Amino acid sequence: MVREAVVHDQGSGPGEGPEREIVHLLRAAAVELSLHSARFAARNGMHPTDVRALIALMDAARAGEEMTAGRLGAALGLNSAGTTALVDRLERLGHVRRTRGTRDRRKVVVEVSERAVGLGQDFFGPLIERSVELLRGYDAQEQAAIRGFLTGVRDAAAERE
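What counts and what doesn't
- Residues numbered from 1 in each chain as written.
- Predicted model: local features only at pLDDT ≥ 70, side-chain atom pairs only at ≥ 80, totals over all residues.
- Heavy atoms only, no water.
- Helix = DSSP H or I, 4+ residues; strand = E, 2+ residues; numbered from the N terminus.
- Buried < 20%, exposed > 50% of the residue type's maximum accessible area, 1.4 Å probe, protein only.
- Salt bridge = Lys/Arg side-chain N within 4 Å of Asp/Glu carboxyl O.
- Expected span 1.5 Å × (residues − 1).
- Contact = heavy atoms within 4.5 Å.
- Arc of directions from axis to C-beta.

Overview of the overall build of the chain
Part 1 of the reasoning: Secondary structure assignment for the chain yields 6 helices and 2 strands.
Part 2 of the reasoning: Based on the C-alpha atoms only, the size of the chain along its principal axes is roughly 55 × 30 × 30 Å.
Part 3 of the reasoning: Here the chain holds 161 residues, and the buried ones make up 22% of them.

Here it is as structure tokens:
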């Protein structure tokens, strides 16, 4: 099923086509998601980087990967001292714990606590569910196109110069 997008003019200039309008909508969605994340951080006495760290840790757990502090720091663009301060802060707040690796007991891995997962589900759950409901309105081919577009944008944004 093909949908017509209802797009409100958000300052797109003359000659900008529907592709640019979609990119502007994506940018606006990214800004709103960032603000939503900042509200969560503020409500829970965290810095926005703390939230990014929790997301990275949950993504790794979902992928079945163990996350060391060094790997977490690299994912967030932090140096060793900044990573240590981040993990210490999150540990003091009860959001993460350090444990021994299951594959290599010499490694120390960082895991998200059940408490932090619960806080995240309470706050982000309604937005996630609303997003899932929106996606259910698209057929498999449209979902594949959305997935491909978002993956491409993510990959382009992650490219290092």
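A look at the pattern of salt bridges
Part 1 of the reasoning: What the rule picks out here adds up to 11 salt bridges.
Part 2 of the reasoning: Of the charged contacts, one joins R103 and E66 as a salt bridge, the two residues approaching to 3.9 Å between their closest N and O atoms. Placement of the pair is R103 in the loop between β1 (96–100) and β2 (108–112) and E66 in the loop between α2 (48–62) and α3 (69–76), with a sequence separation of 37 residues.
Part 3 of the reasoning: Its salt-bridge partner being R97, residue E111 comes within 3.3 Å of it at the nearest N-O pair. You can see E111 sitting in strand β2 and its partner R97 sitting in strand β1, a full 14 residues away along the chain.
Part 4 of the reasoning: The partly exposed category is assigned to E111, whose relative accessible area is 32%.
Part 5 of the reasoning: We classify R97 as partly exposed; its relative accessible area is 29%.

So, α2
Part 1 of the reasoning: Across its 15 residues, α2 extends 21 Å between first and last C-alpha, which sits within 8% of the 21 Å expected from 1.5 Å per residue.
Part 2 of the reasoning: T49, D50, V51, A53, L54, A56, L57 and A60 are the residues of α2 that are buried.
Part 3 of the reasoning: Looking at the packing, one finds that the buried side of α2 touches α1 (18–43), α3, α4 (80–92), β1 and β2.
Part 4 of the reasoning: Two residues or fewer after α2 comes G64, characterised by a positive phi angle close to 75 degrees.

A look at α3
Part 1 of the reasoning: Of all the positions in α3, only L72, G73 and L76 are classed as buried. Looking down the long axis of α3, one finds its buried residues gathered within 100 degrees of arc, a one-sided arrangement. Exposed residues on α3 whose side chains face more than 90 degrees from its buried face are G70 and A74.
Part 2 of the reasoning: On the buried face of α3, the contacting elements are α2 and α4.
Part 3 of the reasoning: One or two residues past the end of α3 sits G77, with phi positive at roughly 75 degrees.

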